[in-house]
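Coordinates in review
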Amino acid sequence: MPIRQRSFGTPPLFVSELALGTWGLSGEPYGPVTDETADATIKRAVELGVTVFDTSDAYGKGAMEERLGRLLEPHVASTYVLTRHGVDRSHEPPRKRFDPAYLGAALDRSRERLRRECVDLYVLHHPSAETLAGAELQAFLRELKEKGKVRAWGVSVGDAGAGRAALEAGAQAVSIAYNVFFANDLHALADLLVEKKAGVFAHSVLGYGLLAGMWAAGKTFAEGDHRRERWSARDLRARLHHLAAVRSLLGGDVLTMRSAALRYVLSNERVSAAVLGPRNVSQLEQLVREAGAPPYLEAERLGRLPQRLRDVGVA
């Protein structure tokens, strides 16, 4: 079954409802990935009908953009690249930078690596509301579109307040964490998203693997895995307990927790694409199979979910 398309913006931009996130393929967050595996996963995504590829100039210090540029060059007309900017890794520790001089030079380097004159979706990575309100930055973003360097611009945000500031500043899309356990921020933006006809690229769909429901009690993470620092043992035990609410979504053709978590995100019409992070072809194909079709989840089970979440302590 071909991957379905969704649209956002005026005029509408049509994108696949599943996007390939490339952070995991870079080898940085979960451990090494071979070049052969990364290449094969990207190529298979194109074959399956994925048209959106989510990356950053910071992933592998630009190496992932170079990989996408090489592999997607034959498919420039049928694929879109979302790249995140605003983290200057030439300093230690890395620092945020949103001044036009830095951003403009970084974007030109990305365009060269991606082998695209026009970047499809240029995303600022977690700027503050104050930064977004700056006249100089807003003028710079308008100029990028006028010069044809970007098709659209957006903002990766960490909460509803930042999302509201981004949309009021003219962002045409927001990238935001959204999953069964972390939904309130996107729900709070729903009306404004409709008003602005803005796109939503939902990340953390599987909660860094938690929502796949495959972890046993006492799960530990290897050195170099970002989850080792993200959650204490106590935090992880609590989150594993919360999975009981997700199990209530199983039934019919929803056979796995992973499928339930993904379909929950796709059930929200505000979502333009769910950004997935498979680290190999097998994981990618599994997710595509389990995405299902509208209405994705049984209305009765979905309707009972808020109470189930409250029962296990998720607000």
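Residues numbered from 1 in each chain as written. Predicted model: local features only at pLDDT ≥ 70, side-chain atom pairs only at ≥ 80, totals over all residues. Heavy atoms only, no water.

Attention now moves to the overall build of the protein. Secondary structure summary: the protein contains 12 helices and 12 strands in total. For a compact globule of 315 residues, the expected C-alpha radius of gyration is about 20 Å, and the protein comes in at 19 Å, within 12% of that figure. Dimensions of the protein, computed from C-alpha atoms along their principal axes, come out at roughly 50 × 45 × 40 Å. Pairs at least 24 apart in sequence give 73% of the contacts found in the protein among residues at least 6 apart. Summed over all atoms, the accessible surface of the protein reaches about 14,700 Å², with 50% contributed by carbon and sulfur. Once the 42 positive and 38 negative side-chain charges of the protein are each reduced to a mean point, those two points are 3 Å apart. (Helix = DSSP H or I, 4+ residues; strand = E, 2+ residues; numbered from the N terminus. Rg over C-alpha atoms; globule rule 2.2 N^0.38 Å. Contact = heavy atoms within 4.5 Å. Areas by Shrake-Rupley, 256 points an atom, 1.4 Å probe, with all protein chains shown as cover. Lys, Arg positive; Asp, Glu negative; His and termini not counted. Charge placed at Lys NZ, Arg CZ, Asp CG, Glu CD.)

Here strand β11 (residues 199-203) lies mainly inside the structure; five of its five residues are buried. As judged from the five bridges shared by strand β10 (residues 173-177) and β11, these two strands associate in the parallel manner. Paired with Ala173 across the bridge in β11 is Gly199. Following the backbone out of β10, through helix α7 (residues 184-196) and into the adjacent parallel β11, one traces a crossover that is right-handed. Pairing analysis gives two bridges linking β11 to strand β12 (residues 273-276), with the strands arranged parallel. Among the inter-strand pairings, Ala202 is bridged to a residue of β12, identified as Ala274. (Buried < 20%, exposed > 50% of the residue type's maximum accessible area, 1.4 Å probe, protein only. Pairing = 2+ DSSP bridges. Right-handed = clockwise from strand over helix to strand, strands pointing away.)

Among the nonpolar cores identified, the biggest contains 89 residues, and Leu18, Ile42, Tyr122, Phe181 and Leu262 are the most heavily contacted of them. A total of seven residues in this core trace back to one element, the largest contributor, which is helix α10 (residues 257-266). With 14 residues, the next largest nonpolar core counts Phe8, Val15, Ala19 and Ala173 among its residues. (Core = buried A, V, L, I, M, F, W, Y, C linked by side-chain atoms within 4.5 Å.)

In terms of residue burial, strand β5 (residues 80-85) counts as a mostly covered element, since six of its six residues are buried. The alternating pattern of β5 places Tyr80, Leu82 and Arg84 on one face and Val81, Thr83 and His85 on the opposite face, and all of these are buried. Sheet topology note: the strand β4 (residues 52-56)/β5 ladder contains five bridges and is parallel. Paired with Thr55 across the bridge in β5 is Thr83. Inspection of the sheet shows β5 paired to strand β8 (residues 119-125) by four bridges, in the parallel sense. When the sheet's bridge partners are listed, Thr83 is paired in β8 with Tyr122.

Attention now goes to helix α3 (residues 100-114). For α3, spanning 15 residues, the distance from its first C-alpha to its last is 20 Å, which sits close to the expected 21 Å at 1.5 Å a residue. Within α3 the residues assigned to the buried category are Pro100, Tyr102, Leu103, Gly104, Ala106, Leu107, Ser110, Arg111, Arg113 and Leu114. A positive backbone phi angle near 60 degrees is found at Arg115, which sits one or two residues after α3. (Expected span 1.5 Å × (residues − 1).)

In this section: the pattern of salt bridges. According to the stated counting rule, one finds 26 salt bridges in the structure shown. Note that Glu65 and Arg113 form a salt bridge whose closest N and O atoms lie 2.9 Å from each other. Of this pair, Glu65 sits in helix α2 (residues 63-72) while Arg113 sits in helix α3; the two residues are 48 residues apart in sequence, bridging distant segments of the chain. (Salt bridge = Lys/Arg side-chain N within 4 Å of Asp/Glu carboxyl O.)

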